[in-house]
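A look at the structure
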Amino acid sequence: MLSPTADTIRLFLHVLAAAVWVGGQIVLGGLVPRLRRAAPETTRIAAHAFGSVAWPSFAILMATGMWSIFDTSLSERATEYQATVAVHVVLAVAAGTSAAIHSLGRSKLALALGGALGLITSLAAMFLGLLLRTGS
Ligand code: HEM
Ligand code: HEM
């Protein structure tokens, strides 16, 4: 049996938080149309409840991601790997910014555009994260 290391714990927390942040948005997308039909007043409650789980997950993604960058000798990696990490982080920051605009914005445009961009950039960040794994 292989023994877990600090790297395993860090990766576990990063992937767990990514699953909650990305998977939660997809589940919310499935719930919203049904909630709107059955009990429209609950949509906002569900959205806020998701936010209180999603934001701590995003903080864990940031913390474990930065831990990973500082712990591994990134400067010694191939340029392609470094570039993929950079785009991964930019996409993650764009995802957090879009989700914040969606949550805090008062217009329908901010809600719709922030929500859509947040989901797309989160999915793209996840894809690049897995690309990092295959390229390491
Ligand atoms: C991590 C990403 C997300 C976070 C943190 C988040 C959080 C929130 C929060 C806090 C609100 C309440 C805004 C207010 O007080 O007016 C809200 C509203 C809403 N969210 Fe999200 N959301 C996210 C992604 C999504 C996605 C992917 C969907 C659907 C596909 C979605 C659907 C909605 C809808 C429909 C509302 C309006 C609810 C209403 O006022 O009736 N959200 N969201
Ligand atoms: C939307 C937010 C994010 C998502 C969905 C996400 C997702 C992922 C996934 C799925 C992996 C692959 C894990 C594996 O090797 O199996 C990964 C790896 C990685 N992520 Fe993220 N991530 C996000 C944010 C961040 C942030 C903010 C940083 C840096 C500040 C970061 C840095 C990294 C690094 C360095 C790796 C390679 C880890 C390693 O192989 O040890 N990520 N990410």
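Please refer to the structure placed before this passage.
A brief structural summary. (Residues numbered from 1 in each chain as written. Chains lettered and ligands numbered in written order. Predicted model: local features only at pLDDT ≥ 70, side-chain atom pairs only at ≥ 80, totals over all residues. Heavy atoms only, no water.)

Turning next to the overall build of the protein. Check the secondary structure of the protein and you find four helices and zero strands. Starting at the N terminus and walking to the C terminus, you meet the elements of the protein as α-α-α-α. Dimensions of the protein, computed from the C-alpha atoms along their principal axes, are close to 55 × 35 × 20 Å. For the protein, with 136 residues in total, the buried portion stands at 26%. Sequence-distant contacts, at least 24 apart, represent 74% of the contacts inside the protein between residues at least 6 apart. In the form shown here, the protein has an accessible surface area of approximately 9,000 Å², with 74% of it arising from carbon and sulfur atoms. Once the 9 positive and 5 negative side-chain charges of the protein are each reduced to a mean point, those two points are 21 Å apart. (Helix = DSSP H or I, 4+ residues; strand = E, 2+ residues; numbered from the N terminus. Buried < 20%, exposed > 50% of the residue type's maximum accessible area, 1.4 Å probe, protein only. Contact = heavy atoms within 4.5 Å. Areas by Shrake-Rupley, 256 points an atom, 1.4 Å probe, with all protein chains shown as cover. Lys, Arg positive; Asp, Glu negative; His and termini not counted. Charge placed at Lys NZ, Arg CZ, Asp CG, Glu CD.)

Now for the coordination of the iron atom of ligand 1. The protein supplies the iron atom of ligand 1 with one donor atom, His102 (NE2), which lies at 2.1 Å. In this structure, histidine 102 sits in helix α3 (residues 79–104). (Donors = N, O, S within 2.8 Å, 3.2 Å for Na, K, Ca; no water.)

Ideal geometry at a metal centre: 109.5 degrees between donors when four sit tetrahedrally, and 90 or 180 degrees when six sit octahedrally. Distances from the iron atom of ligand 2 to its protein donors, namely His14 (NE2) and His88 (NE2), fall within the range 2.0 to 2.1 Å. Its six donor atoms give the iron atom of ligand 2 angles of 84 to 179° at the centre, a pattern that matches the octahedral case. You can see histidine 14 sitting in helix α1 (residues 6–38) and its partner histidine 88 sitting in helix α3, a full 74 residues away along the chain. For histidine 88, a relative accessible area of 16% corresponds to the buried category. (Tetrahedral: all angles 85-135°; square planar, octahedral: opposite > 155°, others 65-115°.)

Moving on, we come to the nonpolar core. Ala17, Ala18, Trp21, Val22, Leu28, Phe50, Ala54, Phe58, Leu61, Ala95 and Ala99 form the largest nonpolar core, which has 11 residues in total. Mapped onto this core, the elements with two or more residues apiece are α1, α2 (41–71) and α3. If you tally residues by element for this core, the top one is α1, at five residues. Excluding anything up to four places from it in sequence, phenylalanine 58 contacts Trp21, Ala92 and Gly96. (Core = buried A, V, L, I, M, F, W, Y, C linked by side-chain atoms within 4.5 Å.)

One can find leucine 111 in helix α4 (residues 108–135). By relative accessible area, which is 40% here, leucine 111 ends up partly exposed.

Right, let's talk about the site of ligand 1 for a bit. The immediate surroundings of ligand 1 are formed by 17 residues, with Arg44, Ala47, His48, His102 and Ser103 found nearest. Histidine 102 places a polar side-chain atom, nitrogen or oxygen, 2.9 Å from a nitrogen atom of ligand 1. Counting residues per element, the ones that place at least two in the shell around ligand 1 are α1, α2 and α3. (Near = heavy atom within 4 Å. Polar contact = N/O pair within 3.5 Å; in protein donor to acceptor, adjacent residues only side chain to side chain.)

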